[in-house]
There are 6 protein chains.
Amino acid sequence: MKLLTVKMKISDLERFLEEDVGSRDISGEAVPEIPVTAQIKADEAGYLAGLEEIKSIFEHLALNVDSQFTDGSEIKKGDVVLEINGSSRSILAAERLALNFLGRMSGIASLTRECVKISGGVTIAGTRKTTPGFREYEKKAIAIGGGDPHRFTLSDAILIKDNHIKIAGLEKAIMNAKKIHPTEEIEIEVDNSKDAIKVAKLGVNTIMFDNMSPEEINYAVDELKKADLRSRIKLEASGGINMGNIKEFARTGVDMMSLGILTHSSPWVNFSLDITKVDLN
Amino acid sequence: MKLLTVKMKISDLERFLEEDVGSRDISGEAVPEIPVTAQIKADEAGYLAGLEEIKSIFEHLALNVDSQFTDGSEIKKGDVVLEINGSSRSILAAERLALNFLGRMSGIASLTRECVKISGGVTIAGTRKTTPGFREYEKKAIAIGGGDPHRFTLSDAILIKDNHIKIAGLEKAIMNAKKIHPTEEIEIEVDNSKDAIKVAKLGVNTIMFDNMSPEEINYAVDELKKADLRSRIKLEASGGINMGNIKEFARTGVDMMSLGILTHSSPWVNFSLDITKVDLN
Amino acid sequence: MKLLTVKMKISDLERFLEEDVGSRDISGEAVPEIPVTAQIKADEAGYLAGLEEIKSIFEHLALNVDSQFTDGSEIKKGDVVLEINGSSRSILAAERLALNFLGRMSGIASLTRECVKISGGVTIAGTRKTTPGFREYEKKAIAIGGGDPHRFTLSDAILIKDNHIKIAGLEKAIMNAKKIHPTEEIEIEVDNSKDAIKVAKLGVNTIMFDNMSPEEINYAVDELKKADLRSRIKLEASGGINMGNIKEFARTGVDMMSLGILTHSSPWVNFSLDITKVDLN
Amino acid sequence: MKLLTVKMKISDLERFLEEDVGSRDISGEAVPEIPVTAQIKADEAGYLAGLEEIKSIFEHLALNVDSQFTDGSEIKKGDVVLEINGSSRSILAAERLALNFLGRMSGIASLTRECVKISGGVTIAGTRKTTPGFREYEKKAIAIGGGDPHRFTLSDAILIKDNHIKIAGLEKAIMNAKKIHPTEEIEIEVDNSKDAIKVAKLGVNTIMFDNMSPEEINYAVDELKKADLRSRIKLEASGGINMGNIKEFARTGVDMMSLGILTHSSPWVNFSLDITKVDLN
Amino acid sequence: MKLLTVKMKISDLERFLEEDVGSRDISGEAVPEIPVTAQIKADEAGYLAGLEEIKSIFEHLALNVDSQFTDGSEIKKGDVVLEINGSSRSILAAERLALNFLGRMSGIASLTRECVKISGGVTIAGTRKTTPGFREYEKKAIAIGGGDPHRFTLSDAILIKDNHIKIAGLEKAIMNAKKIHPTEEIEIEVDNSKDAIKVAKLGVNTIMFDNMSPEEINYAVDELKKADLRSRIKLEASGGINMGNIKEFARTGVDMMSLGILTHSSPWVNFSLDITKVDLN
Amino acid sequence: MKLLTVKMKISDLERFLEEDVGSRDISGEAVPEIPVTAQIKADEAGYLAGLEEIKSIFEHLALNVDSQFTDGSEIKKGDVVLEINGSSRSILAAERLALNFLGRMSGIASLTRECVKISGGVTIAGTRKTTPGFREYEKKAIAIGGGDPHRFTLSDAILIKDNHIKIAGLEKAIMNAKKIHPTEEIEIEVDNSKDAIKVAKLGVNTIMFDNMSPEEINYAVDELKKADLRSRIKLEASGGINMGNIKEFARTGVDMMSLGILTHSSPWVNFSLDITKVDLN
């Protein structure tokens, strides 16, 4: 099912474009302004993301766009993901911005999809470890890749972490959160099975196992089961999870794994834009 | 020598902060607002970048900061790169944004520095393959790492690429650029030695060898030397350069190598923030 | 006569929309994106305002709108004030923002109209007691209701109030204002008939009777008449005027009455949006 | 406990100030720029909200502020809630904006507090029926008044309303929401007890009784109890709740009541600013 | 008397600075960041304007400023209008922006002052013929020069011009304006004495003689006097007025002359910034 | 050849429009909203600039535009440069902003063109002496007039001026610039022939003769020739150049002359907008 996306704000689109073009394209001025056709091709296989965004960018510059794909499509090397028709100079002005959106978003979607494939049904989630100013698109790419974008902002959900506990104490932090936000779910971070049991008894909704090994998590899940606390609590593993160990973490019995690498260190999927037809008459 | 940086614009700083915090920090509300001390530690070795930015962020929230390091410092695992004093809730509200700046910028600076170390004096340069909305900081991180940030925008310098040539023709594109911008340097992209000779004779200032192998570039450099054209032209290699082959490209005789991976696929350097002292009096 | 309104700025429209939607509509994602028809109905009688604004909002999301009404129309419970056709998800994303514009602006227009009806021809005016960030629309609603929006900003007209007089003295304040702004009209606030006579002799253009009872104002108007000063001066009553006493104030002989309640405490007129047709084929 | 608030963004503060002042204060120019003292007094009893905001406003104009109160304080007529020292003209320029913040926010906080007092422990919550562009402050005023601000944006929580059901069907809408957002709580709106039972069995987390009478709600709560579904579901009443009937709704057995009137039709609490000392030397 | 000015908005200040500096000052990077002293000197005589603005700019970059002058001061060639202390690089980064503010604003203030001197007491006013985005400062410079800034925006005052008359007809336009804005003054443009008599009888408040010669205006003023209409109407001359003919227009008997050249074609007053002391230790 | 221009940002366009219109056009409200035709005519001869900008402005307000000219066209008094069709009130609302763009940009383009005509092939360049917030359009007008816009920002090119030399010393400044920006051209300002020889030997790319007389420049050029340094260096004259002495400077042998007057003191070309047809049906 296609995700609902409020279209990119025009003020954002114009800000992004200005960041790349500056005051004017002094190289583009060296070519005549004539109708041309251009194609964006995938230079690598992967999963497509950013297509809606780049359509908005090209359309904002009065260019026509056409595609056989949608966000989320699996693509292989050489696939033409978008054909663009219109002013030569407008295409050149938008080229790099469009490729940057595609490369970064498809990179995140593709890595997410790979993780989802091997996670055995355990939800793959993102974190707030994103690039300042670009979170909205990085989170969307995770969703396109089949993952859960998780908290967009600190307003979205309560997550009590080690620093909250250091300041307020574990019980006090949970109690305060419940009192101030009686209708919000509470998630809390623990790093050992004993604390997991403790917070489960205090009535939190989700436990995040932070920087624990698969073995430690597995043990903690078992302890929760023994204490008959497992069923009414969601469990999340976080910290140090990557393509190499994701299967191990998946087998620990958690409901969700969150991976910072999805947004902070996923490599690009490369695309390139080529002028394929020039209307010289 | 420290780079001049116009301080982060307050409107940008507030926009970044709002992206992460949203309307309010509902987890932070679960802890009392009291004076605390926090430390940001490196979880990995690398080269520090983003320090000036995170100082601005914390200071904007009326927190005091202190550091033994500067941007560009080599850091090892465990180094405390910043100590922060002030309101518990303000520190929690700024934590993730600060770590995102540090992680991404230090990641880029560190990869750049590694490339510089093995480039044998050939300049390492960035590209415009950056994250939309964050280029300014990604380019700065390259400079901190010892690289050349290269064009910030299309207004900065003329670079005639394959698409320009497809539209206007090679000679025409150069001629137009010279006519419209008589005082600007002209760089042009070629993918074979024959074109390199041709454009050198047409008087361009820089030649970019695009997606050519080290052998092909080496051959082209030799041809330029034979034709007595090498000395008055700058040469740049671009396309497919990475840590694995950078030495080979460096030996081809070019003056500069530009690497998209510096900004589009460099992994983070991880940092974490820990509350280390709580003033409960 | 229809009021000229420069269309809502796109940057404002997008800011308002983002305030309500956030990063994405996670409830809207639970329904398919299909063509639907929706109707906005009045849940109460009143006078319509905000119609132009909500048309702009729906059209910005590529929805088609149709209405039998215009701003200022009298509406009764059940009237369909707008029909909207287009994407189900876009309608859901804009619903609340549109209803908030309609409810607040129609509330103000309706209260203004009621005041105008019983004011016996004395002008009903607004004040600057508006909601920060929404004044433009609140003032427009007053105009739609048949009132005078009065000063939009401190730049619009000179109004010397008690605080100015406390700082500069009454005569000095008037003298300064005349000297600096020789072509501007001067309005001054007084709270007794003696001062009214005094300032009238000093040549002000408008006198505002501030927080005086209808009797006191009536007495002051008579004194001005006796002193042959009434004819060349505009008189305004302000402070404590509401639906209950508006007739009394209207009979005092003033030209205008300004009411803070129009914008700061007018109740909403409620509207609701219903999906009336779903195109499932 | 004091709520965490990220300080008002400077760009917002400046935008609000410009909305009221325009290009310059032509009345303020009629008084000398000298040091003065001003006091803001409550003209009515109520609960204070907006104090932090107006401190930010005055401080932004380099004025000194002092208060014996905090947001949430009960105030009576005549209480001096803030004393301001500094430039006469700066105080005059900020006066109206400050009073508008105080009046509106205290109005909402006071009405909320009154509702909380008589709700017998049932949570009082806000809605998204707010003034465009001012929601952040209206929601904060609810929290200060002891209420729950509820969803800030459509991204915060899933709420399936009648329009969603008309488009997707009731079961399908719930199913979709669960599939796309497996970790989010789901709230759904019903208008009869039969549907309440149905959705409870489908596993939603919260049921909102929409526009039902206290009797109907009471009956539905009983039915849920009989079906042994009450304990694991939160119940919310919404629609037509006001000071007059709040006790009846509170007795129906719901956990929460949401009231549009808190933000869309609460009357102001009036405050005024008086210059109390002028330093003429 | 010093004019009240709300301080330059930080978001504007940062926008202006970025327009001049771009992403970074690559020339400034060639000098060490050390404490220096700089002086801004007048290269020509004139009247100073823009001083408050440039103080804000330098202070925003944490520089200390000191001046013996105020806006409106008469200055002669060589006068040091500002001394600045602080970081060498920050001074270089702000230099051009500061000089641009001073040069343009002082140019307008100086031309205005010259006009005021020879106008024999007739008010000298500006127009809306300003540079897009810079009106606020150009209008302020007129005021500093002793002129009347006149309408800032179309919201400020009613001025019925030839185009309004062509669309609505003369009488209808006046009638409509009176009806919609009963409390606003009405100014109307005429180009002959007959129309002047006509509109005076229709009760307008101000007549603007548009593009009429001094003789024609003089004749029209006499006709108004004969018809006993002069005393209650303000008269303004506009169109083609400059330093060469200002005396002739002043003698026609009008109250005010408005000059487009003040803002659209006034030459700069040149200033320069020199580093005068470098702290090398 | 037409210059590439990224279309005016909508957020800028709306900001400019709001600066002129304010909250609403209270004069425009006095005319009916009906279809009209308007023409913009040149009141003086000159070279047209700003046409693309004003088309964007009128089109943003849903007006139709038609022109027989393009930016750069030579125009004579009376030429109709644009015909506009559509809503009477929208035309009135945009009139002044459009004329301000045309007047200022055409003024700059016309003065530039006059300079180009008599410069004998020596490049005419602009400076950064522009109006804050409007540089983009002033620089574009120079290009339209046939000049070189020169540096848009401090990021564009290295220019070492007297202040840099005072801080760092001449040799040190050049050395630092080369080290930090090995691939950038370096321009340096000198005020005598001896320094010109010195910096030429240090390998700078361009020398700017600052505030030197034509004779002094001529002498310096000869000295450079004698030292065999002329051929590989670009030479620029700057300071005090105007229409009266431009020929003398052109004959000194420099490659380029930069003139602050182009942007800081060029007089407007006047245009006016007239309603020519009113559709009263």
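Residues numbered from 1 in each chain as written. Chains lettered and ligands numbered in written order. Predicted model: local features only at pLDDT ≥ 70, side-chain atom pairs only at ≥ 80, totals over all residues. Heavy atoms only, no water.

Asks: Give me the lowdown on the overall build of chain A, citing residues and values where you can.
Replies: Of regular secondary structure, chain A possesses 10 helices and 12 strands. In terms of overall dimensions, chain A has C-alpha extents of about 80 × 35 × 30 Å along its principal axes. Put simply, chain A has 281 residues, and 63% of those count as buried. Considering only contacts in chain A between residues 6 or more positions apart, those separated by 24 or more positions represent 71%. (Helix = DSSP H or I, 4+ residues; strand = E, 2+ residues; numbered from the N terminus. Buried < 20%, exposed > 50% of the residue type's maximum accessible area, 1.4 Å probe, protein only. Contact = heavy atoms within 4.5 Å.)

Asks: So what's going on with the relation of the copies chain B and chain F? Residues and values would help.
Replies: The transform that puts chain B on chain F rotates by 180 degrees and translates by 0.0 Å along the axis, for an RMSD of 0.1 Å. What the superposition gives is, in effect, a two-fold axis relating one chain to the other. The rotation axis passes nearest to the C-alpha of B:Asp156 in chain B, at a distance of 2.8 Å. (Least-squares fit on C-alpha atoms with pLDDT ≥ 70 in both.)

Asks: Requested: an account of the arrangement of the chains, with residues and values cited.
Replies: For the non-touching pair chain B and chain C, the nearest C-alpha separation works out to 9 Å. Structurally, chain D and chain F remain out of contact, their C-alpha atoms never closer than 9 Å.

Asks: An account of the relation of the copies chain C and chain D is needed here, citing residue identities and associated values.
Replies: Once turned by 180 degrees and shifted 0.0 Å along the axis, chain C lies on chain D with an RMSD of 0.0 Å. The fraction of interface residues of chain C whose copies in chain D are also interface residues reaches 100%, indicating that both copies meet through the same surface.

Asks: Help me get a handle on the interface of chain B and chain F, residues and values and all.
Replies: Between chain B and chain F, the residue contacts involve 12 residues of the former and 12 residues of the latter. When the two sides are added together, the surface that chain B and chain F hide from each other amounts to roughly 1100 Å², 60% of it contributed by carbon and sulfur. On the surface where chain B and chain F come into contact, there are zero salt bridges. For the pair chain B and chain F, the number of links is zero residue pairs in polar contact (both at pLDDT 80 or more). (Buried area = accessible area lost by both parts, 1.4 Å probe. Salt bridge = Lys/Arg side-chain N within 4 Å of Asp/Glu carboxyl O. Polar contact = N/O pair within 3.5 Å; in protein donor to acceptor, adjacent residues only side chain to side chain.)

Asks: Pulling in residues and values, what's your account of the domain arrangement of chain A?
Replies: According to the domain assignment, chain A consists of domain 1 (2-115 + 267-278) and domain 2 (157-259). Between the C-alpha centres of domain 1 of chain A and domain 2 of chain A the distance comes to 40 Å. (Domains from an automatic or database assignment.)

Asks: Help me get a handle on the packing of aromatic side chains, residues and values and all.
Replies: Two numbers describe a pair of aromatic rings. These are the distance of the centres and the angle of the planes. Under the definition given, this model contains 36 aromatic pairs over all chains. Pairing A:Phe101 with A:Tyr137 gives two aromatic rings, centres 5.2 Å apart and planes at 85 degrees, and the pair type is edge-to-face. With a gap of 36 residues between them, A:Phe101 in helix α3 (residues 88-118) and A:Tyr137 in helix α4 (residues 135-144) connect regions that are remote in the sequence. Residue A:Tyr137 is classed as buried on the basis of its relative accessible area, which comes to 4%. Positioned above the aromatic ring of C:Phe16, the side-chain terminus of C:Arg15 is 5.1 Å from the ring centre. Over the ring of E:Tyr47 we find E:Arg113, and its NZ or CZ is 5.1 Å from the ring centre. (Phe/Tyr/Trp six-rings, centres within 6.5 Å; stacked < 30°, edge-to-face > 60°. Lys NZ or Arg CZ within 6 Å of the ring centre and 35° of its normal.)

Asks: Can you tell me about the packing of helix α1 (residues 10-21) of chain A against helix α2 (residues 51-60) of chain A, naming the residues and giving the values?
Replies: Residue and element names in this part refer to chain A. The geometry of α1 relative to α2 is characterised by a closest axis approach of 11 Å and an angle of 80 degrees between their N-to-C directions. Between α1 and α2, the crossing angle belongs to the class labelled roughly perpendicular. Touching Ile 10, Leu 13 and Glu 14 of α1 are Ser 56, Ile 57 and His 60, all from α2. Along the lines of polarity and charge, the residues of the contact of α1 with α2 split into three nonpolar, two polar and one charged. (Axes fitted to C-alpha atoms, helices over the stretch in contact; angles between N-to-C directions. Parallel < 35°, antiparallel > 145°, perpendicular 65-115°, else oblique. Nonpolar A, V, L, I, M, F, W, Y, C, P; charged D, E, K, R; others polar.)

Asks: Could you give an account of the sheet that holds strand β10 (residues 234-238) of chain C, with specific residues and numbers?
Replies: All names here are of chain C. Overall, parallel pairing links the six strands, which are arranged β6-β11-β10-β9-β8-β7 in an open sheet. A single partner strand is all that each edge strand has here, and the edge strands are β6 (123-125) and β7 (158-160). Going across the sheet, the axis of each strand differs from the next one's by a mean of 25 degrees, ignoring polarity. As paired strands, strand β9 (residues 206-210) and β10 are joined by five bridges and run parallel to one another. In the sheet register, Ile 207 faces β10, and the bridge partner there is Leu 235. Contacts from helix α6 (residues 170-180) reach β7 and β8 (186-190) within the one sheet, and its direction differs from that of β8 by about 165 degrees. (Pairing = 2+ DSSP bridges.)

Asks: Would you mind going over the packing of helix α2 (residues 51-60) of chain C against helix α3 (residues 88-118) of chain C in detail, with residue names and values included?
Replies: Axis angle and axis distance: for two packed helices, these are the angle between their axes and the distance between the axes, and together they describe the pair. All names here are of chain C. Across the interface, α2 lies against α3 with an axial gap of 9 Å and an inter-helix angle of 170 degrees. Taken together, α2 and α3 sit at an angle that is classed as roughly antiparallel. Taking contact as the criterion, the partners of Leu 51, Glu 53, Ile 54, Ile 57 and Phe 58 in α2 are, on α3, Ala 94, Leu 97, Ala 98, Phe 101, Leu 102 and Met 105. Of the residues in the contact of α2 with α3, the class split is 10 nonpolar, no polar and one charged.

Asks: How would you sum up the environment of E:Ile158? Please name residues and give values.
Replies: Mapping E:Ile158 onto the fold places it in strand β7 (residues 158-160). Between the alpha carbons of E:Ile158 and E:Ile186 there is a distance of 5.3 Å; along the sequence they are 28 residues apart. Residues within four places of E:Ile158 in sequence aside, it is in contact with E:Ala177, E:His181, E:Glu184, E:Glu185, E:Ile186, E:Glu187, F:Ile26 and F:Ser27.

Asks: How would you explain the pattern of salt bridges if you had to name every residue and give the values?
Replies: Scanning the model with the defined rule gives 90 salt bridges over all chains in all. The partner of B:Glu53 in a salt bridge is B:Lys140, and the shortest N-O contact between them spans 2.9 Å. With a gap of 87 residues between them, B:Glu53 in helix α2 (residues 51-60) and B:Lys140 in helix α4 (residues 135-144) connect regions that are remote in the sequence. Each member of the pair, B:Glu53 together with B:Lys140, is buried. Here C:Lys226 and C:Glu223 are joined by a salt bridge, their closest N and O atoms 3.1 Å apart. Taken together, the residues span about one helical turn, with C:Lys226 and C:Glu223 both in helix α8 (residues 214-226) at a distance of three residues.

Asks: Would you mind going over the sheet that holds strand β3 (residues 64-66) of chain D in detail, with residue names and values included?
Replies: Residue and element names in this part refer to chain D. One open sheet accounts for four strands, arranged β3-β5-β1-β12; its pairing is antiparallel. The open sheet terminates on both sides in strands that have one partner only, identified here as β3 and β12 (271-278). Direction aside, the axes of adjacent strands within the sheet are offset by 20 degrees on average. Of the strands in this sheet, β1 (35-42), β3, β5 (80-87) and β12 are in contact with helix α2 (residues 51-60), which crosses β5 at around 10 degrees. Its contacts with the sheet put helix α3 (residues 88-118) on β1, β5 and β12, and the angle it makes with β12 is roughly 155 degrees.

Asks: Let's hear about helix α7 (residues 193-201) of chain A: which residues, and what values?
Replies: Residues and elements named next belong to chain A. For α7, the full list of buried residues reads Ser 193, Ala 196, Ile 197, Val 199 and Ala 200. Residues of α7 that are buried in the fold lie against α6 (170-180), β8 (186-190), β9 (206-210) and α8 (214-226). Sitting at the head of α7, Asn 192 places a side-chain oxygen 3.1 Å from the backbone nitrogen of Lys 194. Positive phi shows up at Gly 203, right after α7, with a value of about 90 degrees.

Asks: Report on unusual backbone geometry, specifying residues and quantitative values.
Replies: One non-glycine residue, C:Asp228, lies in the positive phi region at around 60 degrees. Here C:Asp228 lies in the loop between α8 and β10. A positive phi angle, close to 65 degrees, is found at F:His150, a residue other than glycine. With respect to the helices and strands, the residue F:His150 is situated in the loop between α4 (135-144) and β7 (158-160).

Asks: Can you lay out the interface of chain C and chain D for me, pointing to particular residues and giving the numbers?
Replies: Listed per partner, the contact involves 70 residues of chain C and 70 residues of chain D. Buried surface at the junction of chain C and chain D, both sides included, amounts to about 5500 Å², of which 57% is carbon and sulfur. Our count for the chain C to chain D interface comes out at six salt bridges. Our enumeration of links across chain C and chain D arrives at 39 residue pairs in polar contact (both at pLDDT 80 or more). Take the side of chain C that touches chain D: its biggest share by element is nine residues, from α3(C). For the side of chain C that touches chain D, the class distribution of residues is 30 nonpolar, 19 polar and 21 charged.

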